[in-house]
Amino acid sequence: MSELTRLDAADIAAKVAAKEVSAVEVTQAHLDRIAAVDHAVHAFLHVDTDRALAAAKAVDDDVAAGRPAASPLAGVPLALKDVLTMQGAPTTCGSKVLEHWQPPYDATVTQRLRAAGVVILGKTNMDEFAMGSSTENSAFGPTRNPWDLDRIPGGSGGGSSAALAAFEAPLAIGTDTGGSIRQPGAVTGTVGVKPTYGTVSRFGLVAFSSSLDQAGPCARTVLDAALLHEVIAGHDPLDSTSIDAPVPPVVAAAREGATGDLKGVKVGVVTEFAGDGYEHGVAEAFAAAVEQLRALGAEIVEVSCPSFDLALPAYYLIAPSEASSNLARFDAMRYGLRVGDDGGHSAEEVMSLTRAAGFGAEVKRRIMLGTYALSAGYYDAYYGSAQKVRTLIMRDFDAAFAQVDVLVSPTTPTTAFKIGERTADPMAMYRADLCTIPSNLAGNAALSVPCGLADGLPVGMQIMSPALQDQRGYRVAAAYELARNAAQGGPLINRVPELEVAH
Amino acid sequence: MPSISRDEVAHLARLARLAVTEAELDLFAGQLDQIVAAVAQVGQVADQDIPPTSHSVPLTNVFRADVVRPGLTQQQATAAAPAVEDGRFRVPRILGEEA
């Protein structure tokens, strides 16, 4: 493997700016790595070779001409989740309904990446329309976890997390509706951040559950995630839910954290996220991480958030309800798949046949569940109650953050499970999101940082911060990352097994 | 809480414009029943006087300036359509045979 693919994003950008290496060389090294290992990992649905090299060349031209770098990540390659539109390439959302669909516009996130000189290598695999926790719901086949190819890389953003862990890209973009950035980060030993809802534009992000969806950065280090966060975040008039407020100072916070001092920081351990259902190795790694935070000077207290127990059921009413409405747009008329248009079927019949052929089982389940929850007679009992639970969860967060600066928990109750293990049992699959869902319902910031191994598989610690206080989590995560690296013999990601390389 | 019958799944599928096979009706009836039984826990707050939250960020009336800005051209808008005729979306007939 080329040493260039082992570098952090910040190092790559520095070397490119200093002319130690060209952006084209860096990009080619990652394209070569993809060609060598993606047959086994299947992180990518589309590799955008020519345009990636052209984007890298443009960065090199800037450097040669002495023009200032477009951003602190100019020349760094990135893997983009296939739920964000990018002109000139397919955006499939992992669905047959959108197979080969070429969007006529760039997502705001895509535009910002391009403007920052970030080199987009291609589009990553995902659970269909981001519905899932394992990437097994992709219509184009599962992605495999580089730590153990028989295991899932998390989901829905398993392509993005696996691309990082397989050293196919140093940066990736994910989207997190119930944990789809953080849980994949946890099970692949990478960093995944769900920013405060409304701080990263959803324009061009194909909607699953609009009140919960949020794009965010994925990386192998906390600082890299922070640098990417600042590239993609910020107010966007094209997204009416976008918050018009300054981007929280996450890079400065990551650098402050890296000084290794958490004195004066109050950390709350969530009482409800422990006990039955949490693997022993996960609980052990998390407890050790909390002790590490204490050793760094943080004050540790336990905080109860009783409504969090109802977060999972509330989520599986709210998200499917919004999805059933959002996915009505796939009607076979203006774009995407059309089935049965043979002159004999009406438009409604063509719609039904198309949706039956184009959607996978999990998407169909959630559309029907949402349709059920919003039906006359059930609305108050289900959707209405779920909205009340959402209020209670926000109140629990408010009360907790009145006492502590950040909350911590395991990111997900288990390590990466085996491919196929949960596909026949939707509720077992849904429980992977148990700890991540509250922050989607409340809209606050949350991230996952690697916190050790259990039986050779990565464990993640979740750090939750109040809305628009994303920097708090970065500071704690950066301090922890440094201490863990020192205590555990270097970055966790360096212990990922070597993948078999195709020649 | 009510259980979800096969007939009810068929009704939901019709409402959602999803053609389902007989085998899918059996599969989904069992799975949806299990999921609904689990999510029905939220019913424990149904009687409590709690304001509902539909969105974590309370925003209202987000407007933009009323000025023309570029949109998609006709060619761009129809480029990915499953069927196009004379530069327009071609759709199947909208009425059933009996109409």
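The rules behind the values
- Residues numbered from 1 in each chain as written.
- Chains lettered and ligands numbered in written order.
- Predicted model: local features only at pLDDT ≥ 70, side-chain atom pairs only at ≥ 80, totals over all residues.
- Heavy atoms only, no water.
- Pairing = 2+ DSSP bridges.
- Helix = DSSP H or I, 4+ residues; strand = E, 2+ residues; numbered from the N terminus.
- Axes fitted to C-alpha atoms, helices over the stretch in contact; angles between N-to-C directions.
- Contact = heavy atoms within 4.5 Å.
- Buried area = accessible area lost by both parts, 1.4 Å probe.
- Salt bridge = Lys/Arg side-chain N within 4 Å of Asp/Glu carboxyl O.
- Polar contact = N/O pair within 3.5 Å; in protein donor to acceptor, adjacent residues only side chain to side chain.
- Nonpolar A, V, L, I, M, F, W, Y, C, P; charged D, E, K, R; others polar.
- Parallel < 35°, antiparallel > 145°, perpendicular 65-115°, else oblique.
- Left-handed = near helix turned anticlockwise from the far one by under 90°.
- Buried < 20%, exposed > 50% of the residue type's maximum accessible area, 1.4 Å probe, protein only.
- Core = buried A, V, L, I, M, F, W, Y, C linked by side-chain atoms within 4.5 Å.
- UniProt positions renumbered as here; feature names shortened; annotations may be inferred.
- Phe/Tyr/Trp six-rings, centres within 6.5 Å; stacked < 30°, edge-to-face > 60°.

1. Regarding the sheet that holds strand β2 (residues 77–81) of chain A
Residues and elements named next belong to chain A.
(1) Moving on: With mixed pairing, the 11 strands of this open sheet are ordered in space as β1-β3-β2-β4-β6-β5-β10-β11-β9-β7-β8. Each of the sheet's edge strands pairs with one partner strand only, and the pair in question is β1 (44–47) and β8 (299–303). Taking the axes of each pair of neighbouring strands and ignoring which way they run, one obtains an average angle of 30° across the sheet.
(2) Moving on: Summarising the sheet, β2 and strand β4 (residues 171–175) pair through 3 bridges and their orientation is parallel. The residue of β4 that forms the bridge with A79 is A172.

2. Points about the interface of chain A and chain B
(1) Moving on: Every contact between the two is made by 67 residues of chain A and, on the other side, 55 residues of chain B.
(2) Moving on: Carbon and sulfur atoms make up 67% of the area that chain A and chain B hide from each other, which totals about 5,100 Å².
(3) Moving on: Of all residues in chain A, M368(A), Y372(A) and K388(A) give up the largest surface area on contact with chain B, accounting jointly for 13% of the area buried on that side.
(4) Moving on: Our enumeration of links across chain A and chain B arrives at 3 salt bridges.
(5) Moving on: Notably, a salt bridge pairs E348(A) with R17(B), separated by 3.1 Å at the nearest N-O pair.
(6) Moving on: On inspection of chain A and its partner chain B, the count reaches 18 residue pairs in polar contact (both at pLDDT 80 or more).
(7) Moving on: Within the residue set of the side of chain A that touches chain B, elements represented by two or more residues are α10 (311–326), α11 (347–358), α12 (361–373), α13 (380–403), α14 (426–430) and α15 (437–442) of chain A.
(8) Moving on: By residue number, the principal contributor to the side of chain A that touches chain B is α13(A), which donates 12 residues.
(9) Moving on: Each residue belonging to the side of chain A that touches chain B can be placed in one class, and the counts come to 37 nonpolar, 17 polar and 13 charged.

3. Some thoughts on the packing of helix α7 (residues 222–232) of chain A against helix α8 (residues 250–257) of chain A
All names here are of chain A.
(1) Moving on: Where α7 meets α8, the axes come as close as 8 Å, and the angle between the chain directions of the two elements is 165°. Here α8 runs roughly antiparallel to α7, going by the angle between their axes. Here the hand of the crossing between α7 and α8 comes out left-handed. Note on element contacts: α8 touches α7 through V250, V251, A254 and R255, opposite V222, L223, A226, L227, H229 and E230.
(2) Moving on: A class-by-class count of the residues in the contact of α7 with α8 yields 7 nonpolar, 1 polar and 2 charged.

4. Quick look at the pattern of salt bridges
Side chains that carry opposite charge are capable of pairing whenever their charged atoms lie near each other.
(1) Moving on: In the structure shown here, the tally under the stated rule is 21 salt bridges over all chains.
(2) Moving on: Here E24(B) and K364(A) are joined by a salt bridge, their closest N and O atoms 3.0 Å apart. Taken together, the residues E24(B) in helix α2 (residues 22–39) and K364(A) in helix α12 connect one chain to another.
(3) Moving on: Exposure remark for K364(A): the relative accessible area of 5% places this residue in the buried category.
(4) Moving on: Because the salt bridges share partners, they merge into one network encompassing R338(A), D341(A) and R90(B).

5. Structural notes on unusual backbone geometry
Backbone phi values are negative for most residues with the exception of glycine, while trans is the configuration of most peptide bonds.
Residues and elements named next belong to chain A.
(1) Moving on: Cis geometry marks the peptide bond from G155 to S156; its omega dihedral reads 10°.
(2) Moving on: Position of S156 relative to the elements: it lies in the loop between β3 (119–124) and α5 (158–165).
(3) Moving on: Phi is positive for F167, which is not a glycine, with a value near 60°.
(4) Moving on: Mapped onto the elements, F167 comes out in the loop between α5 and β4.

6. Some points on α7(A)
All names here are of chain A.
(1) Moving on: Among the 11 residues that make up α7, 9 are buried, leaving the element largely enclosed by the rest of the structure.
(2) Moving on: When α7 is considered as a whole, its buried residues turn out to be V222, D224, A225, A226, L227, L228, H229, V231 and I232.
(3) Moving on: Phi turns positive one or two residues past the end of α7, at G234, with a value near 130°.

7. Re the pairing of β4(A)
Residue and element names in this part refer to chain A.
(1) Moving on: Counting buried residues along β4, 5 of its 5 residues qualify, which places the element largely inside the surrounding structure.
(2) Moving on: Of the two faces of β4, the one holding L171, I173 and T175 and the one holding A172 and G174 are both buried throughout.
(3) Moving on: Relative to strand β6 (residues 215–219), β4 is paired through 5 bridges, and the arrangement is antiparallel. Along β6, the bridge assignment pairs T175 with A215.

8. Considerations on the nonpolar core
All names here are of chain A.
(1) Moving on: With 173 residues, the main nonpolar core has L113, F129, L293, L407 and M461 as its most contacted residues.
(2) Moving on: Apart from residues no more than four positions distant in its own chain, F129 is found in contact with C93, S95, V97, L98, V206, F208, L327, F330, F359 and V363.
(3) Moving on: Counting 7 residues, the second largest nonpolar core, distinct from the first, contains W147, A165, L457 and L492.

9. Remarks on the UniProt feature "domain: Amidase" (unreviewed entry) in chain A
(1) Moving on: The positions UniProt marks with the feature "domain: Amidase" (unreviewed entry) are residues 25–472 of chain A.
(2) Moving on: Helix makes up 38% of residues 25–472 of chain A and strand 14%, whereas the separation of the span's terminal C-alpha atoms amounts to 36 Å.

10. Some words on the environment of Y197(A)
(1) Moving on: Mapped onto the elements of the fold, Y197(A) is located in the loop between β5 (191–194) and β6.
(2) Moving on: Expressed as a C-alpha distance, the spacing of Y197(A) and E421(A), which sit 224 residues apart in the sequence, is 32 Å.
(3) Moving on: Leaving out residues up to four positions away in the same chain, Y197(A) has contacts with R202(A), S210(A), S211(A), L212(A), D213(A), Q214(A), T241(A), I243(A), G443(A), H55(B), S56(B) and V57(B).
(4) Moving on: Among the polar contacts listed, one links the side chain of Y197(A) to the side chain of H55(B), at a separation of 3.2 Å.

11. Quick word on the UniProt feature "active site" (unreviewed entry) in chain A
All names here are of chain A.
(1) Moving on: The UniProt entry lists K81, S156 and S180 under the feature "active site" (unreviewed entry), expressed in the numbering used here. The largest pairwise C-alpha distance within this set of annotated residues, which runs over 100 residues, is 10.9 Å, so the set is compact in three dimensions.
(2) Moving on: Given a relative accessible area of 0%, S156 falls into the buried group.
(3) Moving on: Those residues in contact with S156, other than ones at most four positions away along the chain, are K81, N125, M126, D127, A130, M131, G132, S133, T135, T175, S180 and P184.
(4) Moving on: Discounting residues that sit within four places of it in the chain, S180 has contacts with K81, A130, G132, G155, S156, G157 and T175.
(5) Moving on: A distance of 2.9 Å separates the side chain of S180 from the side chain of S156, its partner in a polar contact.

12. Thoughts on the side chain of H30(A)
(1) Moving on: Among the secondary structure elements, H30(A) is positioned in helix α2 (residues 23–41).
(2) Moving on: Beyond its immediate stretch of four places on either side in the chain, H30(A) contacts L4(A), T5(A), I12(A), P77(A), L121(A), F167(A), E168(A), A169(A) and P170(A).

13. Overview of the packing of aromatic side chains
Residues and elements named next belong to chain A.
(1) Moving on: Counted according to the given criterion, the structure contains 15 aromatic pairs over all chains.
(2) Moving on: With centroids separated by 4.9 Å and ring planes inclined at 45°, the aromatic side chains of F129 and F330 adopt a geometry described as tilted. Taken together, the positions of F129 in the loop between β3 and α5 and F330 in the loop between α10 and α11 put the pair 201 residues apart, joining distant regions of the chain.
(3) Moving on: For the pair F330 and Y335, a centre-to-centre distance of 6.2 Å together with 80° between the ring planes defines the contact as edge-to-face.
(4) Moving on: For Y335, a relative accessible area of 22% translates into the label partly exposed.
(5) Moving on: Put simply, the rings of W101, F129, F330, Y335 and F359 touch in pairs and so form one group of aromatic residues.

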